[in-house]
Structure formats: structure tokens, C-alpha cells
Amino acid sequence: MALRVAVARFNTVAGGPSLLRINHTFSRLKHFNSESPLAKHAKKRTSTVRLIGSGLAIGVVVGAAYSYFSDSERKLPGAIVNTPTQIPILKTLPTDLKVTRKVRHNDDEKADFILFQYPTCPFCCKVRAFLDYVKVPYDIVEVDPMLKQQISWSDYKKVPILLVKSSNGYQPLTDSTMIISALATYFKDKTFNIEDIANFYPSISYIDVDGKRKIDIMNKYFIMNEDESERLKRLDFDNERQWRKWSDDTLVHTLSPNAYRTLSEAIDSFKWFSIAGEWEKNFPFWETSLMIYGGAFMMWLISKKLKKKYMLKDNVRQSLYDECNTWVKAVEKNGGTFMGGNKPNLADLAVYGTLSSIEGCMAFKDLQENTKINVWFSNMKKVIL
């Protein structure tokens, strides 16, 4: 096209017949060969662009397909992935380990257990309730809930973590329910060491219905050496596991929205946490202040989401009352002082530990005044402390 324009301009200026013949010849050549060199070049460039574009598109599709199938657990709710999550055994204790409290029943006792905890975490309180009930000496390491530097040695960043001394070092146990089941198995029959017992409770990683990765522990509600051969025993164990699960899945979710119902209640709760955990003794002033006021503000915000997530009533106190009334009625129906009869079982210890986490909060005082929980709770405290 550019060549024809140039020729036309030249003809106009020169007006020579020879140029007209050249123009006529050009037209014949164009008719003979429908694509000029410039057209061919443009077509070649277009083809190159299309080729590059096609390659990019194919690359994106292949990459997306690879990502989907190689990491498909994120796409498929319920998918179980064999991802190891168990903390490996520690050959030696962390060099910066600072024991903040020692629980002893006799002066000459040595502790083979170290509990990393928050003082009023319901899951930590469950573990302490069990250890206190079976009268096991243990050490406590208070963890800063904001900075968590006390568990920097661990890839697992939640509490409780229980270190159990073994012949090869220290076996870490995680998840409060698994810890209690593993210890109950261990104390009942010590022919298995704690490392073997930890392997009875393998961790699994799975994707829930929201597409989020979750980690859980198989068999965590089971005591591995229980004899369930008789029907009545089997029913008792099923009942115990049912209520332990209820404590984890239902009761515990009513606590935060009640302990942090308002900002002022949240601050009061954290001040009590500070006293219970001796934060001023164990942490610098600035760190204690950060935990109290920063933690209170964060949990006040989070509690609003938890209320919605677990579909609690607008008056969250009533949700707490309802669940505790459910528990009290079940204990009364069972016919004993405790769910376990004349002595607590693991369900009693789980519920007691969970509720003891808010014992110093306004929510617990209201609970005592508006339900019948106090009789059972007082009886539990007598046999534990």
C-alpha cells in the first residue's frame, strides 16, 4: 500500500508515460501475486504474536491444572492429606527454658512433665485438671500469648504443649484431648513408653467445608488399653467420649463471647488472667501491659465473630446458661455426684477444666447465680485440689 502511494505521488509530479507503465505493471504484478512483501511481513508478525499468545495461554492452563491436581486438597472439602504434623522428640530442653511454677505433692518429687500454657486457656486448664487429679508433679512455663517466644523452639504455635521425659529426650504432646487420652493410657499401663503411645494418635491434615486446612488427631477420645468387651462398659466409655467431645465442640465456644462480652469485661478478664498467671512476676511491665490491654481489645473484637460463627443467642449469657444446664441435667440423670458416678471420669475433668478457665470472670459469677452448676463444680474442686 505504501509503495502504491509513493508511485502515485511520483507520477503526479513527473507525469511521465514511463511511470504510468510502471504503475500499470505494478498493478498486474499485484494481481498475479495477491500479497505484497509488506503484507507478508505484517502477516508473519501477526502469526508470531498469535503463537506467543497461544503459548502463554497453554502455559497458564497447564500451570493451573498442575496447581489444582498437585494441591487439590485445597479444592476438595473433606480431603484427607497424609501430612505429618507431630512434633519430633526433643533430645534436650530449650536452653532459654524458664519454669515459672512448680506443682509438687511431695517435697522430693521430680517432675517428668513440662506444660507450656496460658493460665486461663480452657484447653490448658483441662490438662492441668487432669494432672492435678492424678497427682502428677509437673512444671509450668507461662507463654506470652502475644509474642509466644517461649515456644519459639516448636513449629506448633498453639498451647498447650506438654513435654514428657523419655529415655530418648522429651516427647512433645499437643492437643489437650489427645494429651489427656495419651496420659490416661500411659498411667494405666506403663509397658508402653510415651513415644510408643504418642504414635497411637496420628495427626491428619484435612480440608473443611470452607476450604481451609485443618489438623486433627485420630483416636484422640480413646484410651488405648481400655477393655470394652462388656456391653455396659462399652456404653459407659461411649457416654464419656460423647461428653468430652461436647465439651470441645460446644461448651468451649460459649466462653469467649461471654468473657469478652464488652470491652470493659474483656479488660477485667485479662486483669484476672494476669493475676492467675503471675504475669507481673514473669514478664516485663511493658509486656504485661501489652498482653492485658492489647489482648483484651483483640479478644473483644474476635468474640463478636465467634458469637456469629457459633450462632449464639443475642444474649450470650443465655447460651452459656443453656449449655451448663444441659450438663447438670445429664449428671443428675446419670444418678451420681459426677458424670462418672461416685468419682469423676474424663468427661467431668474436661468440663471442669473448661469452665475453670473463666472462674475469675464476671461471666462465671453470673453463671453461678443463674444455674445449678455450682454444686457439681464445687464437688469437682474438692477432689482435684
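## Description of the side chain of Ser-269
Thought 1: Take Ser-269: it is sitting in helix α9 (residues 263–277).
Thought 2: Look past the residues within four positions of Ser-269 in its chain and what remains in contact with it is Ala-259, Tyr-260 and Cys-361.

## Regarding the nonpolar core
Thought 1: With 66 residues, the main nonpolar core has Leu-173, Leu-183, Trp-327, Leu-355 and Trp-376 as its most contacted residues.
Thought 2: Residues in contact with Leu-183, not counting those within four places in the same chain, are Phe-113, Phe-130, Leu-131, Leu-162, Leu-173 and Ile-194.
Thought 3: Formed by 13 residues, the second largest nonpolar core is a distinct cluster that contains Leu-90, Phe-116, Tyr-118 and Tyr-170.

## Quick notes on the packing of aromatic side chains
Thought 1: Tallied over the full model, the rule gives 17 aromatic pairs.
Thought 2: Relative to Trp-327, the ring of Trp-243 lies with its centre 5.5 Å away and its plane at 75°, an arrangement referred to as edge-to-face. Of the two residues, Trp-243 sits in helix α7 (residues 231–249) while Trp-327 sits in helix α12 (residues 316–334), which places them 84 residues apart along the sequence.
Thought 3: Overall, Trp-243 belongs to the buried group, its relative accessible area being 9%.
Thought 4: Residue Trp-327 is classed as buried on the basis of its relative accessible area of 0%.
Thought 5: An aromatic cluster is defined as three or more aromatic residues linked by ring pairs; in this entry it consists of Trp-243, Trp-246, Trp-327, Tyr-352, Phe-364, Trp-376 and Phe-377.

## Brief notes about helix α13 (residues 346–356)
Thought 1: Taking burial as the measure, the 11 residues of α13 include 11 buried ones, the bulk of the element.
Thought 2: Every buried residue belonging to α13 is among Leu-346, Ala-347, Asp-348, Leu-349, Ala-350, Val-351, Tyr-352, Gly-353, Thr-354, Leu-355 and Ser-356, and all of these are buried.
Thought 3: Near the N-terminus of α13, the side chain that reaches the backbone nitrogen of Ala-347, with its oxygen 3.0 Å away, is that of Asn-345.

## Details of the sheet that holds strand β3 (residues 113–117)
Thought 1: An order of β2-β4-β3-β5-β6 is seen for the 5 strands of this open sheet, with the pairing classed as mixed. The open sheet is flanked by β2 (101–103) and β6 (169–174), the only strands paired with a single partner. Taken over all neighbouring pairs, the strand axes of this sheet differ in orientation by 25° on average, direction set aside.
Thought 2: In this structure, β2 lies alongside strand β4 (residues 138–142), joined through 3 bridges in antiparallel fashion. Counted as the bridge partner of Val-103 is Tyr-138 from β4.

Cut-offs and rules
- Residues numbered from 1 in each chain as written.
- Predicted model: local features only at pLDDT ≥ 70, side-chain atom pairs only at ≥ 80, totals over all residues.
- Heavy atoms only, no water.
- Helix = DSSP H or I, 4+ residues; strand = E, 2+ residues; numbered from the N terminus.
- Contact = heavy atoms within 4.5 Å.
- Core = buried A, V, L, I, M, F, W, Y, C linked by side-chain atoms within 4.5 Å.
- Buried < 20%, exposed > 50% of the residue type's maximum accessible area, 1.4 Å probe, protein only.
- Phe/Tyr/Trp six-rings, centres within 6.5 Å; stacked < 30°, edge-to-face > 60°.
- Polar contact = N/O pair within 3.5 Å; in protein donor to acceptor, adjacent residues only side chain to side chain.
- Pairing = 2+ DSSP bridges.
- Axes fitted to C-alpha atoms, helices over the stretch in contact; angles between N-to-C directions.

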